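Below, each chain spelled out in residue letters.
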Amino acid sequence: MGEEKKAGISRRLLLTGAGAGGAGLAVGALAAAAFGGQLPEKQATDTIEFYGEHQAGITTEAQDRMHIVGFDVTTQDRGKLVALLRDWTAAIEQMAAGQPVGGADTGSYDAPPADTGEAEGLGAAHLTVTVGFGRSLFLDEHGKPRFGLQGKLPEALIELPHFSGDMVEEQRSGGDIVVQACANDPQVAVHAIRNLSRLGFGTVRVRFSQIGFGRTAKTTQAQQTPRNLFGFKDGTANILAEDADALAKHVWVGKDSTDQPWMAGGTYMVARRIRMQIETWDRSALREQENVVGRIKSTGAPLSGGEEFSEPDFAMAGSAGPIIPVDSHVAVLHPSAHNGVQMLRRGFNYTDGSDGLGRLDAGLFFIAFVIDARTHFVPLQKAMSANDAMNEYLRHTSSGLYAIPPGIQPGQYLGQQLFES
Amino acid sequence: MTKFLAPAALLALGALALTGCTDNNATASADGSIAVSASDDACTLATGTAAGGTLKFSVKNEGTKVNEFYLLAEDGLRIVGEVENIGPGVTRDLVVMAPEGSYFAACKPGMVGDGIRSPFTVTAAAAGQEVSADRAALQQTAADQYASYVKDQSQQLLAGTEDFAAAFAAGEEAEAKQLYPQVRMHWERIEPVAESFGDLDPILDAREADLEEGQEFTGWHRAEKDLWAPKGYTKMSQAQRQQIADGLVKHTTELVTRAQALEFTPDKLANGAKELLDEVATGKVTGEEEAFSHTDLWDFQANLEGAKIAYEDLAPLLEGTDDELDAQLKENFEKLQAQLDAYRVGEGFKYYDQLGTEQVQELAAGVDALSEPLSRLTAAVVK
């Protein structure tokens, strides 16, 4: 982040904003000393609390970088799987605190180091690691329960349907376990996934992994709305960490809103790699671009006027139909068109270089956290596939839905609620 | 600066009486554009006079209603240029080419009535920037020519579809396979027109992946899959083929009927040309359009022809106003055609799956080279 580079001192001491949900931040006395009078009253370090009621990396102030990975479990042994979850938990706790995996002990000179080393000196950079479970962890391809998890599959963990226009590549989709690492330093995020994958060899294998290089959502009031690769502000109307009511209604699974008590305090993650037809988009007139999005490119205001956070007026007449076209992205997906349903979006711009035809292989790695995909994602995606003018410039190349278990307390391991319920 | 009031006030006072009113909100901007402040009851231009050539009005809606801004000819009827859908608080530009003469500028708050009008004078153009006085006539000619083309192509499409449907239904596979890419060229030449009918396009031209779960797979690509059946595919029965064939003819007839009533404008032609190249870029050069028959280069050729026709109809509007763009388009159309000609085989083309990676990459680069200048055509012809 910009502030960090300017300061020219250890990132560990730096403040990058009021932080995630207040309670999640550890206090760093040194940070206050280093900044003296420049510091706002709140104190912070670059670490995000790993333990808590909910997992970190959901309402945490959206970091700038992401590395997400889907794993398939290769062992049949429930004990080995649980042992891995314990190992991961310990490693994540250390990395989230800015420490190397395995702690300070470098071990034998004749053994590979426990930590791969590339994050040394980079601090924690607001690292969060969020772990979730795919439907295929619970049931094999014949519908038989795996790992003794019979009766534990939440009804909401559905198989996402094929949506019109989907060009989903199986090898980029699904997976038994998802691990999302977010940080403000790309090397910290990649380091986390690399080390967790290493711990997993023999128990899991990597199915896909994806790097996101820039956030496309704001998740706190303090954050600016970022822009996606269409050049438009994205996530203007997102659910924010401060909005406890909206989180309770649309994101966190409550005790009474699930058939699976182990999911209380958890949520569901939808992940979709959405490639943008960058070159054809860039050749489209500003008129077309704004009519597709339904907003003004420069300011983010709806076409019905005002500023970024003005409510769109879908009834306002234009010369041919509403001034915000009915097939514009904002009109098709606005909560008012979906019984007030909202998602907590937390996606990232991605690029995987260029395709073989000299075009950018780039777009949005869409991530959303919802209380139930059946009510909060599938109907919206159906509407989008059927009616959104933006589809002309999009290609959905992956699809995944994961149950994100609740957070844990020290001494517990990630997923314990599931395996010991 | 001049300020003009709502029509009622204008009638009472007379236009001349208003000259000399000032408004501090509207100012001429550094880039030479003429600032227009449009509110619910006033339309204030930074100046009432400009030199002939390309004029740019920067219209800010200061009111609460959706506004429009027009430059009207001396008769107060003919629209020289317009910008619609200016939402409250939004600024939109109108770029228009106007020769020396008398005009009216008009804001239309709420999009109703004759608008709040004021005289606008265009003086002699600077040397070398003269504008043809019959630009409107050139625009009309372009639109008329293109309308004839659409009519012709759509009628040939219907005739060809009937032949194809008959062969397909009768199980005359060799005949149907031969007709398939040829007839589809009529569709592909006017594809943006076909796609403008959002209800018919998916019925006639959807690929299997375009469909939602449970949606019926019909149209050209349904027949394509049956004719060039992939491994493990179960062929349709005669009754099923008849049903697909009947649907093709029925919906194409409907499409052709509707196409006759379409009205064209220069921006539609230019945007349509750009969309045709987008189609090539995203569907044909990737081999995704014709996943089973691999006849993508027929479609490519047809898209290119359709775009070229639109460009040629519009070219007179570029003469003397954007010769550089004209020359660039002419050259790049020729180059891409030459690239494509290299793959001609008899009456048709090589199949997409016979092309090497390098050949596809070269074609893609040629498409990009033409698409970039083509994306600037609309702005050049509407002004």
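About the criteria used
- Along each chain, numbering runs from 1 in the same order as the chain's sequence is written.
- The order in which chains are written sets their letters, starting at A; the order in which ligands are written sets their numbers, starting at 1.
- Totals for whole chains, interfaces and linings use all residues, but because this is a predicted model, local features are given only for residues with pLDDT of at least 70 and pairs of side-chain atoms are given and counted only at 80 or more.
- Here the side-chain values reflect all heavy atoms present in the structure, with hydrogen atoms and water set aside.
- UniProt positions are given in the numbering used here, feature names are shortened, and annotations may be inferred rather than shown by experiment.
- Working definition: helices are DSSP H or I runs of at least four residues, strands are E runs of at least two. Numbering for both runs from the N terminus.
- Any residue under 20% of the maximum accessible area for its type is buried, any over 50% is exposed, and the rest in between are partly exposed; the area is computed with a 1.4 Å probe on protein chains only.
- In this analysis, two residues are considered to be in contact whenever any of their non-hydrogen atoms come within 4.5 Å of each other.
- For the accessible areas, the method is Shrake-Rupley and the probe is 1.4 Å, while residue cover comes only from the protein chains on display.
- Charge convention: Lys and Arg are scored as positive, Asp and Glu as negative, and His as well as the terminal groups of each chain are ignored.
- By convention, charge coordinates are those of NZ in Lys, CZ in Arg, CG in Asp, or CD in Glu.
- Two kinds of site are reported from a 1 Å grid over the protein atoms alone, namely cavities, where a 1.4 Å probe fits but cannot get out, and pockets, open sets with protein on both sides within 12 Å along at least five of seven lines, and residues are called lining when an atom falls within 4 Å of a point.
- Grid points are joined across faces, edges and corners, and a volume is the space filled by probe spheres set on the points.
- Residue classes follow a fixed rule: Ala, Val, Leu, Ile, Met, Phe, Trp, Tyr, Cys and Pro count as nonpolar, while Asp, Glu, Lys and Arg count as charged, and any other residue, Gly among them, counts as polar.
- Stacked, tilted and edge-to-face are the three classes applied to pairs of Phe, Tyr and Trp rings, where Trp contributes its six-membered ring and a pair requires centres within 6.5 Å; stacked means planes under 30 degrees apart, edge-to-face means over 60, and tilted covers the rest.
- One side-chain nitrogen of Lys or Arg within 4 Å of one carboxyl oxygen of Asp or Glu is enough to make a salt bridge.
- Paired strands, as defined in this entry, are two strands with at least two bridges between them according to DSSP.
- Only the stretch in contact is used when fitting a helix axis, every axis being a line fitted to C-alpha atoms; angles between N-to-C directions are given from 0 to 180 degrees.
- An automatic or database domain assignment is the source of the domain bounds shown.
- Along the arc lie the directions from the helix axis toward the C-beta atoms.
- Using a 1.4 Å probe, buried area is obtained as the accessible area two parts lose upon being combined, added over both of them.
- Each polar contact in these results corresponds to two N or O atoms within 3.5 Å; when the atoms are within protein, one needs to be able to donate a hydrogen and the other to accept it, and residues that are neighboring in sequence are counted only if both atoms are side-chain atoms.
- Here, nonpolar core refers to any group of buried Ala, Val, Leu, Ile, Met, Phe, Trp, Tyr and Cys residues whose side-chain atoms link them within 4.5 Å.

In the annotation of an unreviewed UniProt entry, chain B is listed under the name PbrT family lead (Pb2+) uptake porter and assigned to Glutamicibacter soli. The heading Subcellular location (unreviewed entry) in the UniProt record of chain B holds the text "Periplasm". The UniProt entry for chain B carries this comment under Sequence similarities (unreviewed entry): "Belongs to the EfeM/EfeO family."

Looking at an unreviewed UniProt entry, one finds chain A named Deferrochelatase, with Glutamicibacter soli as its source organism. Taken directly from UniProt, the Sequence similarities (unreviewed entry) text for chain A runs: "Belongs to the DyP-type peroxidase family." The record held by UniProt for chain A lists under Catalytic activity (unreviewed entry) the comment "heme b + 2 H(+) = protoporphyrin IX + Fe(2+)".

Quick look at the overall build of chain B now. Along the backbone of chain B there are 13 helices and 12 strands. Burial status across chain B gives 51% buried among its 383 residues. Expressed as a percentage of contacts within chain B between residues at least 6 apart in sequence, the contacts between residues at least 24 apart total 68%. Summed over all atoms, the accessible surface of chain B reaches about 16,700 Å², with 50% contributed by carbon and sulfur. Averaging the positions of the 31 positive and the 64 negative side-chain charges in chain B gives two centres separated by 2 Å.

As a further point, take the UniProt feature "domain: Dyp-type peroxidase N-terminal" (unreviewed entry) in chain A. Feature annotation in UniProt assigns "domain: Dyp-type peroxidase N-terminal" (unreviewed entry) to the following positions: residues 55-213 of chain A. Note that residues 55-213 of chain A is 24% helix and 20% strand, and that its end C-alpha atoms are spaced 22 Å apart.

Residues and elements named next belong to chain A. Counted according to the given criterion, the structure contains 3 cavities of 30 Å³ or more. In this structure, the largest cavity occupies an estimated 720 Å³ of space. Together, 35 residues line the largest cavity, and Asp234, Gly235, His329, Leu333 and Arg345 are the ones closest to its centre. Mapped onto the lining of the largest cavity, the elements with two or more residues apiece are strand S6 (267-276), helix H9 (329-333), strand S9 (360-370), helix H11 (378-387) and strand S10 (394-396). In the lining of the largest cavity, the residues fall into 19 nonpolar, 11 polar and 5 charged.

We note that histidine 126 of chain A has phi near 60°; this positive angle belongs to a residue other than glycine. What makes histidine 126 of chain A buried here is its relative accessible area of 8%. Even without a glycine there, the phi angle at asparagine 85 of chain B is positive, about 55°.

Now for the packing of aromatic side chains. With the rule as written, the count across this model stands at 21 aromatic pairs over all chains. In this structure an aromatic cluster arises from ring pairing among Phe164, Phe168, Tyr180, Trp220 and Trp228 of chain B.

Let's shift gears to the pattern of salt bridges. All names here are of chain B. The final tally for this structure, using the stated rule, is 40 salt bridges over all chains. Here aspartate 199 makes a salt bridge to arginine 258, at a shortest N to O gap of 2.8 Å. With aspartate 199 in the loop between helix H5 (191-195) and helix H6 (200-205) and arginine 258 in helix H8 (residues 238-260), this pair connects stretches of sequence that are 59 residues apart. Looking at aspartate 199, the relative accessible area reads 40%, which means it is partly exposed. Residue class for arginine 258 comes out partly exposed when judged on its relative accessible area of 26%. The residue lysine 225 makes a salt bridge to glutamate 208 at a minimum N-O spacing of 2.8 Å.

Moving on: the sheet that holds strand S10 (residues 116-123) of chain B. Residue and element names in this part refer to chain B. Strand order in the open sheet formed by 5 strands is S4-S10-S9-S6-S7, and the pairing between neighbours is mixed. Looking along the sheet, the strands with just one partner apiece sit at the ends: strand S4 (49-51) and strand S7 (79-86). When the angles between neighbouring strand axes are averaged without regard to direction, this sheet yields 20°. Where strand S9 (residues 101-107) and S10 come together, 7 bridges link them in antiparallel fashion. Directly across from tyrosine 103, in S10, lies its bridge partner phenylalanine 120.

This part takes up the domain arrangement of chain B. Interface size is commonly expressed as the accessible surface area that is lost when the partners come together. Domains assigned within chain B are domain 1 (2-123) and domain 2 (135-382). On a C-alpha basis, the centres of domain 1 of chain B and domain 2 of chain B stand 41 Å from each other.

A few words on helix H8 (residues 286-293) of chain A. Given 3.6 residues to a turn, an α-helix orients residues that are three or four positions apart in the same direction. All names here are of chain A. Every buried residue of H8 is accounted for by Gln289, Glu290, Val292 and Val293. In an axial view of H8, the angular spread of the buried residues amounts to 160°, which keeps them on one side of the axis. Just past H8, the residue glycine 294 takes up positive phi, approximately 90°.

Between chain A and chain B, the residue contacts involve 30 residues of the former and 31 residues of the latter. When chain A packs against chain B, close to 2,400 Å² is buried across both sides, 49% of that on carbon and sulfur atoms. Interface area lost by chain A to chain B is led by Arg283, Leu357 and Arg359 of chain A, which between them contribute 29%. Between the two partners, chain A and chain B, sit 4 salt bridges. Close ionic contact of glutamate 372 of chain B with arginine 283 of chain A constitutes a salt bridge, the shortest N to O distance being 3.1 Å. Taken together, the links from chain A to chain B amount to 15 residue pairs in polar contact (both at pLDDT 80 or more). When the residues that make up the side of chain A that touches chain B are grouped by side-chain class, the tally is 11 nonpolar, 12 polar and 7 charged.

Residue and element names in this part refer to chain A. Counted as a void, the second largest pocket has a volume near 700 Å³. Residue lining of the second largest pocket: 25 residues in total, with Ser136, Glu159, Glu170, Gly174 and Gly175 positioned closest to the centre. Put simply, the parts of the chain that give the lining of the second largest pocket at least two residues each are helix H4 (135-138) and strand S11 (400-404). Sorting elements by how many residues they give to the lining of the second largest pocket places S11 first, with 3 residues. For the lining of the second largest pocket, the residue count by class is 7 nonpolar, 8 polar and 10 charged.

Moving on to the nonpolar core. Ranked by internal contacts, the top residues of the largest apolar core, which has 76 residues, are Trp88, Ile177 and Val179 of chain A. Considering each element in turn, this core owes the most residues, 9 residues, to helix H3 (residues 78-96) of chain A. In contact with tryptophan 88 of chain A, other than residues within four places in its own chain, are Phe71, Ile177, Val179, Leu196, Leu199, Gly200 and Val204 of chain A. Listed in part, the 74 residues of the second largest apolar core include Leu357 of chain A together with Leu297, Val360 and Val381 of chain B.

Attention shifts here to the UniProt feature "domain: Imelysin-like" (unreviewed entry) in chain B. On the UniProt side, "domain: Imelysin-like" (unreviewed entry) is annotated at positions that read residues 143-377 of chain B here. Split by type, residues 143-377 of chain B is 69% helix and 2% strand. Its first and last C-alpha atoms lie 15 Å apart.

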